[in-house]
Amino acid sequence: MTTIVAIGDSHTSGSMIMGFPAPHEANIKKTFAARLAERYSMKHHNLGMPGGSNAYIYRSTIKYINEQLRPNKDYLFLIGWTSTARMELRYPDNTDVEYKVGTDFFDLKYMPFSYGTAEHLFQTKEAVGLMRSQDLLFYPEILANDWATYALVLQKLFKQKNIKYLMFNACFEIETTPDNLSLIEKFDTDHYIDPLARNKSFLYWGLDAGFEKTDCWHLKADAHLAWSKFLEKRLLQLGYL
Amino acid sequence: MDGGTHLKLVSFGDEYCTTDTAADLLSQQLGFKFVNHANRLSTNHKIFRDVVKYTVEKNTEDAILLIGWTTPFRRDGEHGGKYFVYSPDCNDYPSKQYKKLHKYDHYLFDEILIHNTWAGLVYGLQEYLQNLDIKYYMYNTQVSLQFNPYTHRILRNLDGKMYNDPINQNSTMIKYLELNGYKNIDAQAQNTWANFLLQKFRSNGIIKKQ
């Protein structure tokens, strides 16, 4: 049996599909990845994390490959890249603080940290202090360069290990910079849906198609179902289904 | 690869790799052209990006990439269009406002996260270079990778032949040289490190033994 491994941000985790903000079983069952898994009788591991950054996505992919992949089992990775204004932090081990989410295989100390997050969502004064210094922490061009590097490295890694995958953008296109353009030109765009087109990201594709969003800019169950069919077409073209 | 001026050794790393370098001496011993992409005060993310960018933009058919990973206690920064590095032991920044971040260094440099991140960069880069059939060798300049419950599986899956003893602090460049009697990383110390790397290149099949 194939396992679909969906890695990304809140769009991948299905935030607000059933009205719950965090990964929640009710949400996850309605995500595009879950709908695809259901249609094809596959297992589904959901590593989508609300606020998850591209650094989280890259690191979690590597982590899953090294910790969860079993020999002679079949996997299909769906990687939903996110916006650049995000990074990873971690609550110190010597505190009781945890970031409780329902994401599979998740370390409860990891803390997603996004530009513009409301302060009350953080659990320690240090995290709040960092949010007040956010302008000193996010560098869009460097983050766009990281994104391109992560994507290209993972493409080659999947190819090296003969692992099926498909990449897409969850909400925004990757911005080109003088340092990442040459990498983006090397992307295997059969396996990465239109990385430079905002209207081919899940969110904007869905809005253009007329699907409703929530107040916090997440799509609902009908959009997830439609996106699962959109991905399905591409996966059939790749010979993965 | 038997030597010849069309072959090149391309070096990536930090301040220990920028002047009077072991990599330059090694390239002379090999009879290779030397290309230096090391940067003073690099971060591991910058090294990761620089290596990949090099492989995309340059011909790597006759190249060996020598990658000196730096300390993970560094973060990329940018101010007014200029790149800088933020680290816990630094107070020299393009603007003094960055100094106020130091009270959060225990968050910005959580040891579990930074070593887990670093291990992921190494693993991904090794697989990437293998897929492209690019010869390389890695070492740590000053800090070893931490072996802990969060990194151990990734570290076990690294290609240890192409990475000098990543979890052993005594095998980092500066500690190795210190144990061999060098108080400073001068030209002589760099020569010793060059000889060490040459030995590794030969024993690990990166170049033919002579």
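Higher on the page you've got the structure.
Here is a short report on the structure shown in this document. This is a predicted model, so every value here is computed, not measured.

### Side note on helix α9 (residues 221–238) of chain A
Residues and elements named next belong to chain A.
Turning to step 1, where the next piece is worked out: With 18 residues, α9 extends 26 Å from end C-alpha to end C-alpha; this agrees with the ideal 26 Å at 1.5 Å per step.
Turning to step 2, where the next piece is worked out: Taken as a whole, α9 has its buried residues at Ala 223, His 224, Ala 226, Trp 227, Ser 228, Leu 231, Glu 232, Arg 234 and Leu 235.
Turning to step 3, where the next piece is worked out: Check the buried side of α9 and you find it contacts α1 (10–13), α3 (32–39), β3 (74–81), β6 (164–169) and α8 (202–208).
Turning to step 4, where the next piece is worked out: A positive backbone phi angle near 80° is found at Gly 239, which sits one or two residues after α9.

### Concerning the interface of chain B and chain A
Turning to step 1, where the next piece is worked out: On the chain A side, the residues contacting the 40 residues of chain B number 42 residues.
Turning to step 2, where the next piece is worked out: Together, the buried faces of chain B and chain A total about 3,900 Å²; carbon and sulfur atoms form 65% of this surface.
Turning to step 3, where the next piece is worked out: Scanning the region where chain B abuts chain A turns up four salt bridges.
Turning to step 4, where the next piece is worked out: Note that Asp 110 of chain B is salt-bridged to Arg 90 of chain A, the shortest N-O span being 3.5 Å.
Turning to step 5, where the next piece is worked out: On inspection of chain B and its partner chain A, the count reaches 12 residue pairs in polar contact (both at pLDDT 80 or more).
Turning to step 6, where the next piece is worked out: Elements represented by at least two residues in the side of chain B that touches chain A include exactly α2 (44–57), β4 (75–79), β5 (82–86), α3 (105–108), α4 (111–131) and α5 (152–156) of chain B.
Turning to step 7, where the next piece is worked out: Here the side of chain B that touches chain A takes 13 residues from α4 of chain B, the largest share from any one element.

### Notes on the packing of aromatic side chains
Aromatic ring pairs: the centre-centre distance and the angle between the two ring planes describe each pair.
Residue and element names in this part refer to chain A.
Turning to step 1, where the next piece is worked out: Overall, the coordinates contain 35 aromatic pairs over all chains when judged by the stated rule.
Turning to step 2, where the next piece is worked out: With 6.5 Å between their ring centres and 45° between their planes, Tyr 204 and Trp 217 make a pair best called tilted. One end of the pair, Tyr 204, is in helix α8; the other, Trp 217, is in the loop between α8 and α9, with 13 residues separating them in the sequence.
Turning to step 3, where the next piece is worked out: Here the aromatic residues Phe 32, Phe 168, Phe 202, Trp 205, Phe 211, Trp 227 and Phe 230 are joined through ring pairs into a cluster of three or more.

### Thoughts on the sheet that holds strand β2 (residues 33–36) of chain B
Residue and element names in this part refer to chain B.
Turning to step 1, where the next piece is worked out: As summarised here, the arrangement of the four strands in space is β2-β1-β3-β6, forming an open sheet in which the pairing is parallel. In this open sheet, the two edge strands, each paired with only one partner strand, are β2 and β6 (135–140). Between one strand axis and the next, the sheet turns through 20° on average, direction left out of account.
Turning to step 2, where the next piece is worked out: In terms of strand pairing, strand β1 (residues 8–12) meets β2 through four bridges, oriented parallel. Following the sheet pairing, Val 10 is matched in β2 by Val 35.
Turning to step 3, where the next piece is worked out: Where helix α7 (residues 187–203) meets the sheet, its contacts fall on β1, β3 (63–69) and β6, and the angle it forms with β6 comes to roughly 135°.

### A look at the nonpolar core
Turning to step 1, where the next piece is worked out: Phe 77 of chain A together with Leu 65, Ile 67 and Trp 69 of chain B are the most contacted members of the largest nonpolar core, which has 121 residues in total.
Turning to step 2, where the next piece is worked out: Those residues in contact with Ile 67 of chain B, other than ones at most four positions away along the chain, are Phe 12, Ile 47, Val 51, Leu 125, Leu 129, Tyr 136, Tyr 137, Met 138 and Tyr 139 of chain B.
Turning to step 3, where the next piece is worked out: One finds Phe 32, Trp 205, Ala 226 and Leu 231 of chain A within the second-largest nonpolar core, a separate group that totals 25 residues.

Criteria and thresholds
- Sequence positions are assigned chain by chain, starting from 1 and proceeding in written order.
- Here every chain gets a letter starting at A, and every ligand a number starting at 1, in the order they are written.
- The model is predicted, so local features are restricted to residues of pLDDT at least 70 and side-chain atom pairs to those at 80 or more, both for listing and for counting; the totals for chains, interfaces and linings are taken over all residues.
- Water and hydrogen atoms were dropped before computing side-chain values, which therefore reflect all heavy atoms in the structure.
- Put simply, DSSP H or I for four residues or longer makes a helix, DSSP E for two residues or longer makes a strand, and each gets a number counted from the N terminus.
- One less than the number of residues in a helix, times 1.5 Å, gives the span that helix is expected to have.
- For every residue, the accessible area (1.4 Å probe, protein chains only) is compared with the maximum for its type, and the residue is labelled buried under 20%, exposed over 50%, or partly exposed between those bounds.
- Residues count as neighbours in contact if any of their non-hydrogen atoms are within 4.5 Å of one another.
- Accessible-area loss on putting two parts together, using a 1.4 Å probe and summing over both, is the definition of buried area adopted here.
- Salt bridges are defined as contacts in which a side-chain nitrogen from Lys or Arg sits within 4 Å of a carboxyl oxygen from Asp or Glu.
- Here a polar contact is recorded for every N or O atom pair within 3.5 Å, except that within protein the pair must consist of a potential hydrogen donor and a potential acceptor, and residues adjacent in sequence are included only if both atoms are side-chain atoms.
- Aromatic pairing here means that ring centres of Phe, Tyr or Trp (its six-membered ring) are within 6.5 Å. Orientation follows from the plane angle: under 30 degrees is stacked, over 60 is edge-to-face, and everything else is tilted.
- Strands are treated as partners if at least two bridges between them are detected by DSSP.
- Only the stretch in contact is used when a helix axis is fitted, and all axes are lines through C-alpha atoms; the angle between N-to-C directions ranges over 0 to 180 degrees.
- Only buried residues count toward a nonpolar core. Its members are Ala, Val, Leu, Ile, Met, Phe, Trp, Tyr and Cys residues joined through side-chain atoms within 4.5 Å.

Just distances and angles here, no functional claims.
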